[in-house]
Amino acid sequence: MNLAHSTSLSSDVLESPIIEIGGTVERPLRLDLAALREFPSITIAPFDLVCFSTGRYIRPMESYRGVPLRVLLDAAGVRRPDNTDFKRTVFLAHAHDGYAVTFSWHELFNTPVGDQAIIAYALGERELDIEHGLPVLVSGADNVRAPRHMKRLVRVDAHVLRA
Ligand SMILES: Nc1nc2c(c(=O)[nH]1)N[C@H]1C(S)=C(S)[C@@H](COP(=O)(O)O)O[C@H]1N2
Ligand SMILES: [Mo]
């Protein structure tokens, strides 16, 4: 029996997911599910999941509940006093499988997209589990939803782009 393999399998499937907020922030965060639930949560409206690349209709999604991404970014300290770097900051969100998507500071903090970009832990009446993507990073205001419906988010890093 391959012990290393079985150890990584069990930590994948059984352990509660951890989310990290890092990169160019004042206070990097490392949150388990219990810590995530301490933050104020919102729900987003049900929507149809559609793939951007193929136009394929995937399935209807019920209302997700979770913590707005910008709430966590604020907790991590994205804006620094006497510094306008935030205007050139983008956030790269990484999933367990290497899938990654961007958000910009402006869309999260200064457009309606930010009102509905959440890290979700519940769907309809049910708690999500890892099999259903827990935790799902979902952008509820996107025109086509699948690209930023990211299953198994692991971290979000702030990057300040150079002009
Ligand atoms: N973690 C992760 N989330 C992801 C993806 C991925 O590759 N990895 N692909 C996205 C894309 S392009 C699509 S079309 C949908 C596919 O959703 P499904 O796998 O639930 O059918 O998931 C989105 N979320
Ligand atoms: Mo897709």
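Everything here concerns the structure above.
Counting of residues starts from 1 at the beginning of each chain's written sequence and follows it residue by residue. Chains carry letters and ligands carry numbers; both start at the beginning, A for chains and 1 for ligands, and go up in the order they are written. pLDDT decides what is reported in this predicted model: residues at 70 or higher carry local features, side-chain atom pairs at 80 or more are listed and counted, and totals for whole chains, interfaces and linings draw on all residues regardless.

Asks: Could you give me a rundown of the site of ligand 1, with the residues and numbers involved?
Replies: Residues are counted as near a molecule or strand when the C-beta atom, derived from backbone positions, lies within 6 Å of that molecule or strand. Taken together, Cys51, Ile58, Ala95, Asp97, Tyr99, Ala146, Pro147, His149, Met150, Lys151 and Arg152 make up the full set of residues near ligand 1. Among the residues making up the shell around ligand 1, the classes are represented as 7 nonpolar, 1 polar and 3 charged. Amino acids outside the nonpolar list (Ala, Val, Leu, Ile, Met, Phe, Trp, Tyr, Cys, Pro) and the charged list (Asp, Glu, Lys, Arg) are all regarded as polar, and Gly is one of them.

Asks: Can you break down the pairing of strand 2 (residues 29-32) residue by residue, with the values?
Replies: Here, any two strands with at least 2 DSSP bridges between them count as paired. A run of H or I in DSSP becomes a helix once it reaches four residues, and a run of E becomes a strand once it reaches two; helices and strands are each numbered from the N terminus. In this sheet, strand 2 lies alongside strand 1 (residues 18-23) in antiparallel orientation, the contact comprising 4 bridges. Opposite glutamate 20, over in strand 2, you have arginine 30 as the bridge partner. A loop of 5 residues connects strand 1 with strand 2, the two strands running antiparallel in sequence.

Asks: Residues and numbers for the pairing of strand 11 (residues 136-139), please.
Replies: For a regular strand, side chains alternate in direction, first toward one face of the sheet and then toward the other. Note on burial: count the other C-beta atoms lying within 10 Å of the residue's C-beta; 20 or more is buried, 12 or fewer is exposed, in between is partly exposed, and C-beta positions come from the backbone. Side chains Val136 and Val138 of strand 11 all project onto a buried face; the interleaved residues Leu137 and Ser139 project onto the opposite face, where all are buried too. Relative to strand 12 (residues 149-150), strand 11 runs antiparallel, the two sharing 2 bridges. Note that in strand 12 the partner of valine 138 across the bridge is histidine 149.

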